[in-house]
Amino acid sequence: DLPAYKKYREGQEILSGEDPYVSGNIRIIDGGAGDNTLATPVSFNSNIRIKMKGHSSIGYDKKQYKIKTVFANGEENDLDILGMGKGSEWVLNGSMADKSMIRNYLAYRIASEIGGNNMAPDSRFCEVLMEQNGSYTYQGVYLLMETISRGDDRLKIDKYNPKNVYSSYLVRRDRQTSLDPMLETYGRLSGNVTSEVKPYDNWIGLKYPSQSKLTDETKKYIEKDFSKMERVIYSKDYSIFRTYDRYIDTMSFADYFLINEFFGNYDAGKHSTYMYKNSGEKLKIGPVWDYDQAMNNNPLVEMDLDDLAFQTRDIYTQICNDKKFMKLLKNRFAYLRQNQL
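Reading guide: rules and limits
Residues numbered from 1 in each chain as written. Predicted model: local features only at pLDDT ≥ 70, side-chain atom pairs only at ≥ 80, totals over all residues. Heavy atoms only, no water. Phe/Tyr/Trp six-rings, centres within 6.5 Å; stacked < 30°, edge-to-face > 60°. Helix = DSSP H or I, 4+ residues; strand = E, 2+ residues; numbered from the N terminus. Lys NZ or Arg CZ within 6 Å of the ring centre and 35° of its normal. Axes fitted to C-alpha atoms, helices over the stretch in contact; angles between N-to-C directions. Parallel < 35°, antiparallel > 145°, perpendicular 65-115°, else oblique. Left-handed = near helix turned anticlockwise from the far one by under 90°. Contact = heavy atoms within 4.5 Å. Pairing = 2+ DSSP bridges. Salt bridge = Lys/Arg side-chain N within 4 Å of Asp/Glu carboxyl O. Buried < 20%, exposed > 50% of the residue type's maximum accessible area, 1.4 Å probe, protein only. Patch = residues over 30% accessible without salt bridge, like charges linked within 9 Å, V, L, I, M, F, W, Y side chains within 5 Å. Areas by Shrake-Rupley, 256 points an atom, 1.4 Å probe, with all protein chains shown as cover.

Draft legend 1. Quick peek at the packing of aromatic side chains. This structure, assessed with the given rule, holds 15 aromatic pairs. A ring pair is formed by Phe257 and Phe310, whose centres lie 5.8 Å apart and whose planes are at 75°; its orientation type is edge-to-face. Taken together, the positions of Phe257 in helix H5 (residues 250-262) and Phe310 in the loop between strand E14 (283-285) and helix H6 (316-319) put the pair 53 residues apart, joining distant regions of the chain. Three or more aromatic residues joined by ring pairs make a cluster, and in this case those are Tyr108, Phe262, Phe263, Tyr274, Trp289 and Tyr291. Over the aromatic face of Trp203 sits the side chain of Arg188, whose NZ or CZ is 4.0 Å from the ring centroid. Arg313 extends its terminal NZ or CZ atom over the ring of Phe310, reaching a point 5.7 Å from the ring centre.

Structural data, given as structure tokens:
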């Protein structure tokens, strides 16, 4: 039995205090063309650590899971699963909010055509069965996905070296959580970045380097480096603001805008919004994540087909006022409309 991952009270995360992971085993049957059965030879086998995952989805009957492939001694085991490249962390996405189960897959595949692994995780449809004491329970159709993480076959940023103060990094704009280091950056401290409704929204959390390996010096460096970009973006001095393209990769910001606007994914920009920076390079935005409620699938809000929304998201509120960025956005959309979109 899997322990509860976490619970929420008024949107705030409450940890149970117990380890959310349990040990297990994963076996994958992939017999190629035709039907697969439990008698089909196993094509992949590994020890795992597994837990339930999600925010609102944690309350659904069909659970979602995070899986870590490990060796018998518990160390990470980087493996290539179903041709998606090597990694040790995976997600089984249940998409209960999306009855078609196509939204995540479709958006990820098109986004990856535009920007490769740095713009979308790889994924494969599968059917899941849970085995306990020799008895199988059918769980349904899932999307087996890469997590957004650093790796040769995932996000291509330099590996963290604790001996260096400077570092490549991956951050996520989302709800406040105790599972990741929360960064105190200029945007929040200055009041330029605020939570629209609730105080625990719109935080910048550090995903890489991980909390277990992060030094205080590196955390301070990342806060200072991200703040340097925000000071320029939110500057009221135009001579300073106009240099923003020295700090952010405008093409990645244009692609991210267009992908989310194209699919009507208006949770992005506020939640599950990833940004990363490789050592010595500009800040980029992506990969994309979580399209369950995109394409007019929000049960509370009808999608407005006559309006755009992404210019109201943080950072975009500023750069969308710049003619240079808007020209790039228009030209990029014209190109993508003839190709991937």
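Draft legend 2. Fine view of the packing of H5 against helix H7 (residues 323-337). At their nearest, the axes of H5 and H7 sit 10 Å apart, and the two run at 60° to each other. Looking at the two axes, H5 sits oblique to H7. Relative to H7, the crossing made by H5 is right-handed. Within the contact between the two elements, H5 uses Thr250, Met251, Phe253, Ala254, Asp255, Phe257 and Leu258 and H7 uses Phe325, Leu328, Leu329, Arg332, Phe333 and Leu336.

Draft legend 3. Representation of the sheet that holds strand E9 (residues 123-132) in the model. Taken in spatial order, the six strands line up as E3-E4-E5-E8-E10-E9 in an open sheet, and their pairing is antiparallel. Two strands in the sheet have a free side with no partner beyond their single neighbour: strand E3 (22-28) and E9. The sheet shows a mean angle of 40° between the axes of neighbouring strands, taken without regard to direction. With ten bridges connecting them, E9 and strand E10 (residues 135-146) associate as antiparallel partners. Counterpart to Gln132 in the pairing with E10 is Ser135. Sheet strands touched by helix H1 (residues 103-115): strand E8 (89-93), E9 and E10. Its angle to E9, the strand with the most contacts, is close to 140°.

Draft legend 4. Highlighting the pattern of salt bridges. Under the defined criterion, the tally for this structure stands at 15 salt bridges. In this structure, Asp174 engages Arg175 in a salt bridge whose closest nitrogen and oxygen atoms are separated by 3.6 Å. On the accessibility criterion, Arg175 (24% relative accessible area) is partly exposed. The residue Lys207 makes a salt bridge to Asp180 at a minimum N-O spacing of 3.0 Å. On the criterion of sequence distance, the pair formed by Lys207 in strand E12 (residues 203-208) and Asp180 in the loop between strand E11 (169-174) and helix H2 (186-189) is long-range, its members being 27 residues apart. Accessibility expressed as a relative area gives 27% for Lys207, which makes it partly exposed. Take Asp180: its relative accessible area is 14%, and that puts it in the buried class.

Draft legend 5. Spotlight on a nonpolar patch on the surface. The grouping of Leu38, Ile102, Leu106, Phe125, Leu129, Tyr136, Tyr138 and Val141 at the surface amounts to a nonpolar patch, some 700 Å² of accessible area in total. Ranked by residue count, the leading element in the nonpolar patch is E10, at three residues. In this structure, Leu38 sits in the loop between E3 and strand E4 (44-53).

Draft legend 6. Expanded view of unusual backbone geometry. Here the amide bond leading from Tyr208 into Pro209 is cis, since omega sits at 0°, within 30 degrees of zero. Looking at the secondary structure, you find Pro209 in the loop between E12 and helix H3 (216-233). Across the junction of Gly286 and Pro287, the peptide omega takes the value -5°, indicating a cis bond. Backbone geometry at Leu82 places phi at a positive 50°, although glycine is not the residue there. In this fold, Leu82 is placed in the loop between strand E6 (79-80) and strand E7 (86-87).

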